[in-house]
Amino acid sequence: YILRLIADKNAPTSLRAAADSALSGWDEQIFNFKSPDERMDRMFNTYIDLLSDKSPNLRISGVSMLFDRTLDSMAMMSPPVRTKEYTQKAVQAVQKAMAVETNSRVMLFFKSRMDMHEYEEKHPDEKLRQMHELEMPSSGTNGRSR
């Protein structure tokens, strides 16, 4: 339901953005990142479709959800070959979106995300270190300590 709402170009942009935001908190419970399946593909393709949405904010959200949630989650859980496959699809989709993007703010966001991706590709150990640091228990609001 949430994916259909995010993809519904006739729904109010604010409602679609709220659905997208809500989904990011549940995605690891709903989608099979360890062994991507049809539902995972639908989510991934929904985010690719957002790259060409009429709303600049949803285009930015699409690239963010592709790289900063989906691919990061896959890097921690999926077999490397599957992660690479999805990463290549995401990179190609963003490159295609950049070729027609006219909004300077969206273009800046797309370019910066692609620059981050390029850096991560050149420095994979740094990316893994950062992801493992994020997995460690913290002394934050959850009451656990390191």
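In this text, all values refer to a predicted model and were calculated from it rather than measured experimentally.

**Considerations on the overall build of the chain**
Phase 1: The number of helices and strands found in the chain is seven helices and zero strands.
Phase 2: The order of α-helices and β-strands along the chain, N terminus first, is α-α-α-α-α-α-α.
Phase 3: Taking the contacts inside the chain whose residues are at least 6 apart along the sequence as the reference set, 56% of them involve residues at least 24 apart.
Phase 4: Carbon and sulfur atoms provide 53% of the accessible area of the chain, an area that totals close to 8900 Å².

**Observations regarding the packing of helix α5 (residues 80–100) against helix α6 (residues 104–122)**
A pair of packed helices can be characterised by two numbers: the angle between their axes and the separation between those axes.
Phase 1: Two elements in contact, α5 and α6, have axes whose closest approach is 10 Å; the angle formed by their N-to-C orientations is 150 degrees. One finds that α5 runs roughly antiparallel with respect to α6. Seen from above, α5 lies across α6 with left-handed handedness. Only M107, F110, K111, M114, H117 and E121 of α6 make contact with α5, whose side of the interface consists of T87, V91, V94, Q95, A97 and M98.

**Side note on the packing of aromatic side chains**
Phase 1: According to the stated counting rule, one finds one aromatic pair in the structure shown.
Phase 2: Note on F44 and Y86: the rings are 4.8 Å apart at their centroids and 85 degrees apart in plane angle, and the pair reads as edge-to-face. In this pair, F44 is assigned in helix α3 (residues 38–50) and Y86 in helix α5, connecting sequence segments 42 residues apart.
Phase 3: The residue whose ring lies beneath K89 is Y86, and the NZ or CZ to ring-centre distance is 5.2 Å.

**As for the environment of F67**
Phase 1: Tracing the backbone through its elements, the reader meets F67 in helix α4 (residues 56–77).
Phase 2: Those residues within four positions of F67 in sequence are excluded, and the remaining contacts are D72, A90, V91, V94, R113, M114 and H117.

**Some words on the nonpolar core**
Phase 1: Counting 35 residues, the largest nonpolar core has L51, L66, F67, V94 and F110 as its most contacted members.
Phase 2: In terms of residue count, the dominant contributor to this core is α4 (eight residues).
Phase 3: In this view, L51 contacts R59, G62, V63, L66, A93, V94, A97 and F110; residues no more than four positions away in its chain are not counted.

**Describing the side chain of S78**
Phase 1: By the secondary structure assignment, S78 is in the loop between α4 and α5.
Phase 2: The class for S78 is buried, based on a relative accessible area of 8%.
Phase 3: Beyond its immediate sequence surroundings of up to four residues, S78 is in contact with F33, K34, P36 and T83.

What counts and how
- Residues numbered from 1 in each chain as written.
- Predicted model: local features only at pLDDT ≥ 70, side-chain atom pairs only at ≥ 80, totals over all residues.
- Heavy atoms only, no water.
- Helix = DSSP H or I, 4+ residues; strand = E, 2+ residues; numbered from the N terminus.
- Contact = heavy atoms within 4.5 Å.
- Areas by Shrake-Rupley, 256 points an atom, 1.4 Å probe, with all protein chains shown as cover.
- Axes fitted to C-alpha atoms, helices over the stretch in contact; angles between N-to-C directions.
- Parallel < 35°, antiparallel > 145°, perpendicular 65-115°, else oblique.
- Left-handed = near helix turned anticlockwise from the far one by under 90°.
- Phe/Tyr/Trp six-rings, centres within 6.5 Å; stacked < 30°, edge-to-face > 60°.
- Lys NZ or Arg CZ within 6 Å of the ring centre and 35° of its normal.
- Core = buried A, V, L, I, M, F, W, Y, C linked by side-chain atoms within 4.5 Å.
- Buried < 20%, exposed > 50% of the residue type's maximum accessible area, 1.4 Å probe, protein only.

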